[in-house]
Amino acid sequence: MENRRVILKKRPEGEATPDCFEVQTQALDELPPGHVRVSVEYISVDAGTRTMLRGEGFHMQVGVGQTILAGGVGRIIESSVDGWEKGQAVRGGLGAQTIATVPPEHLEKIEETNLPLSAWLGVLGGSTGVTAWIGIRRVAKPGPGDVFVVSAAAGAVGSIAGQIAKRDGAMVIGIAGGKRKTDYLVNELGFDAAIDYKNEDIGARLKELAPDGVNVFFDNVGGPVLDAVLDNIAMRGRVIICGAVSQYDDMDNVTGPSMYLRLAERQAKMEGFAYFHFPESIPEATQELKDWALDGSIKMPEEIRDGIEQYPEALQFMFQGGNLGKLMVKAS
Ligand SMILES: NC(=O)c1ccc[n+]([C@@H]2O[C@H](COP(=O)([O-])OP(=O)(O)OC[C@H]3O[C@@H](n4cnc5c(N)ncnc54)[C@H](OP(=O)(O)O)[C@@H]3O)[C@@H](O)[C@H]2O)c1
């Protein structure tokens, strides 16, 4: 039996281009005791992966020569552990590879529903739908009367965050790159408005759409987008830092917000979060997202690249703003 895996060949400088990775074939030994072997079906492509390729800094790092860390879903094909049977669908840190050999403590069994297996990385994924749910319900808490703005709004986390804020009664404005995305947000996801930051002036559009300011900003992007919204923050507004994808290619030179004094002027505040700091909320988030996905009241488009060889290009595609919804690679 052979595994095909994506390794880090060299640390990217700036953009993580496909030549920083290599797809290798590995012969697999006999299954060790206490392990299961999983045929990986889908691999999650996450913006946060870029921060793991630099060798130091934030949580979890990938060494040169190591398999790229990634969430995945698949089915057990071999097991040496009671209770973890062949055919069981599982989710966990399976890595960017076709066959993962892991102890089951690293896995979670997936309940069979009418949802496709890929939904457990998309709308129900920890670093996607669940992050959005926790960010909205536990941190941002937008409600009726609030103008809520989300950046990277057509991406995995942003599209769910905006839909939950809308359910919770806020007026929702998405910021995304390109007309295909802004049309999607308004026409398919029911956002009240969308700003194409590549072709429109965010500040001018916010002044039109939200003359009294932005009450809650859920930021996935950082940089100039964060500054433009800070400049339009309402009195007692809240800025929630979910991520800063515009900064991940050069983490040694992160550009902080130049408009942060608006926080003082408007009695506003800024707060960050990571979903794994709220483990007690994950079951409730998963259940509610599952109910909404099953009754069709929440949507998460999935963009799926076919074949493990596509992983390096897929990651680059995300940083070029190509994906709409959840980006994944179909491994096998
Ligand atoms: N706090 C947490 O627990 C947590 C957990 C998971 C993810 N996150 C964060 O959530 C954010 C979204 O992650 P995701 O995995 O769901 O990715 P995603 O939103 O599906 O994809 C990333 C999107 O970011 C935008 N983008 C890329 N480079 C950009 C740049 N230089 N300037 C502005 N926009 C850029 C692109 O959309 P456009 O076409 O609109 O530019 C791209 O499609 C990231 O910041 C990530 O780190 C946080």
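Check the entry above for the structure.
Residues numbered from 1 in each chain as written. Predicted model: local features only at pLDDT ≥ 70, side-chain atom pairs only at ≥ 80, totals over all residues. Heavy atoms only, no water.

To continue, consider the pattern of salt bridges. Opposite charge on two side chains allows them to pair when their charged atoms are near. What the rule picks out here adds up to 22 salt bridges. Here Glu-309 and Arg-4 are joined by a salt bridge, their closest N and O atoms 2.4 Å apart. Pair noted here: Glu-309 is in the loop between strand E14 (302-306) and helix H8 (311-319) and Arg-4 is in strand E1 (residues 2-8), with a separation of 305 residues, a long-range link. Judged by its relative accessible area of 37%, Glu-309 is partly exposed. A relative accessible area of 27% places Arg-4 in the partly exposed class. In this structure, the salt-bridge partner of Asp-249 is Arg-50, at a minimum N-O distance of 3.0 Å. Of the two residues, Asp-249 sits in the loop between strand E12 (233-241) and helix H6 (261-265) while Arg-50 sits in the loop between strand E3 (36-44) and strand E4 (72-79), which places them 199 residues apart along the sequence. The class for Asp-249 is partly exposed, based on a relative accessible area of 26%. Residue classification places Arg-50 among the buried residues on the basis of a relative accessible area of 3%. (Salt bridge = Lys/Arg side-chain N within 4 Å of Asp/Glu carboxyl O. Helix = DSSP H or I, 4+ residues; strand = E, 2+ residues; numbered from the N terminus. Buried < 20%, exposed > 50% of the residue type's maximum accessible area, 1.4 Å probe, protein only.)

For the coordinates displayed, the defined rule picks out 3 aromatic pairs. By way of ring pairs, the aromatic residues Phe-148, Phe-218 and Phe-273 are connected into one cluster. We note Lys-109 situated over the ring of Trp-84; from NZ or CZ to the ring centre the distance is 4.7 Å. Note that Lys-330 overlies the ring of Tyr-42, its terminal NZ or CZ placed 5.5 Å from the centroid. (Phe/Tyr/Trp six-rings, centres within 6.5 Å; stacked < 30°, edge-to-face > 60°. Lys NZ or Arg CZ within 6 Å of the ring centre and 35° of its normal.)

Inspection of the region around the ligand gives 28 residues, with Lys-181, Tyr-197, Tyr-248, Tyr-275 and Asn-323 positioned closest. Between the ligand and the protein, one listed contact pairs an oxygen atom with a backbone N or O atom of Ala-47 at 3.2 Å. Backbone polar atom of Cys-242 to a nitrogen atom of the ligand: 2.9 Å apart, as the coordinates give it. By residue class, the composition of the shell around the ligand is 16 nonpolar, 10 polar and 2 charged. Two domains each donate at least three residues to the shell around the ligand, and these are domain 1 (2-122 + 300-330) and domain 2 (126-276). (Near = heavy atom within 4 Å. Polar contact = N/O pair within 3.5 Å; in protein donor to acceptor, adjacent residues only side chain to side chain. Nonpolar A, V, L, I, M, F, W, Y, C, P; charged D, E, K, R; others polar. Domains from an automatic or database assignment.)

Okay, the layout of surface pockets next. Roughly 180 Å³ of volume is contained in the second largest pocket. Lining the second largest pocket are 13 residues, and of these Pro-12, Arg-50, Arg-54, Met-251 and Asp-252 sit closest to its centre. Partitioned by chemical class, the residues of the lining of the second largest pocket number 4 nonpolar, 1 polar and 8 charged. Counting the residues that make up the lining of the second largest pocket, at least three belong to each of domain 1 (2-122 + 300-330) and domain 2 (126-276). (1 Å grid on protein atoms, 1.4 Å probe; cavity = no way out; pocket = protein on both sides within 12 Å on 5 of 7 lines; lining within 4 Å. Points joined across faces, edges and corners; volume = space filled by probe spheres on them.)

Right, let's get into the environment of Ser-281. Among the secondary structure elements, Ser-281 is positioned in the loop between strand E13 (269-272) and helix H7 (282-295). A C-alpha to C-alpha distance of 34 Å links Ser-281 and Glu-313, two positions 32 residues apart in sequence. Discounting residues that sit within four places of it in the chain, Ser-281 has contacts with Trp-133, Ile-134 and Arg-138. Among the polar contacts made by the side chain of Ser-281, one reaches the side chain of Arg-138 at a distance of 2.8 Å. (Contact = heavy atoms within 4.5 Å.)

Glancing now at the packing of helix H4 (residues 202-209) against helix H5 (residues 223-230). Where H4 meets H5, the axes come as close as 9 Å, and the angle between the chain directions of the two elements is 35 degrees. The way H4 lies across H5 gives a crossing that is right-handed. Along the contact surface, H4 presents Ile-202, Gly-203 and Leu-206, while H5 presents Val-225, Ala-228 and Val-229. When the residues that make up the contact of H4 with H5 are grouped by side-chain class, the tally is 5 nonpolar, 1 polar and no charged. (Axes fitted to C-alpha atoms, helices over the stretch in contact; angles between N-to-C directions. Left-handed = near helix turned anticlockwise from the far one by under 90°.)

A few words on the pairing of strand E9 (residues 171-176). Burial runs high along E9: 5 of the 6 residues are buried. For the crossover from strand E8 (residues 147-151) across helix H2 (residues 156-167) to E9, the handedness is right-handed. Following the backbone out of E9, through helix H3 (residues 179-187) and into the adjacent parallel strand E10 (residues 193-196), one traces a crossover that is right-handed. (Right-handed = clockwise from strand over helix to strand, strands pointing away.)

For the rest of this paragraph, the subject is the sheet that holds E8. Taken together, 6 strands build an open sheet; the order of strands is E10-E9-E8-E11-E12-E13 and the sheet is parallel. The outermost strands of the open sheet, each flanked by one partner alone, are E10 and E13. Each adjacent strand pair in this sheet contributes to an overall mean axis angle of 20 degrees, direction not counted. Set on the sheet, H3 makes contact with E9 and E10; between it and E10 the angle comes to about 170 degrees. (Pairing = 2+ DSSP bridges.)

A word on the packing of helix H1 (residues 126-140) against H2. Viewed as axis vectors pointing N to C, H1 and H2 meet at an angle of 40 degrees, and their least axial separation amounts to 8 Å. The orientation of H1 with respect to H2, classified from their angle, is oblique. The hand of the H1/H2 crossing is right-handed. From H1, Ser-127, Thr-128, Gly-129, Thr-131, Ala-132, Trp-133, Ile-136 and Arg-137 reach across to H2, where they touch Ala-156, Val-157, Ile-160, Ala-161, Ile-164 and Ala-165. Partitioned by chemical class, the residues of the contact of H1 with H2 number 9 nonpolar, 4 polar and 1 charged. (Parallel < 35°, antiparallel > 145°, perpendicular 65-115°, else oblique.)

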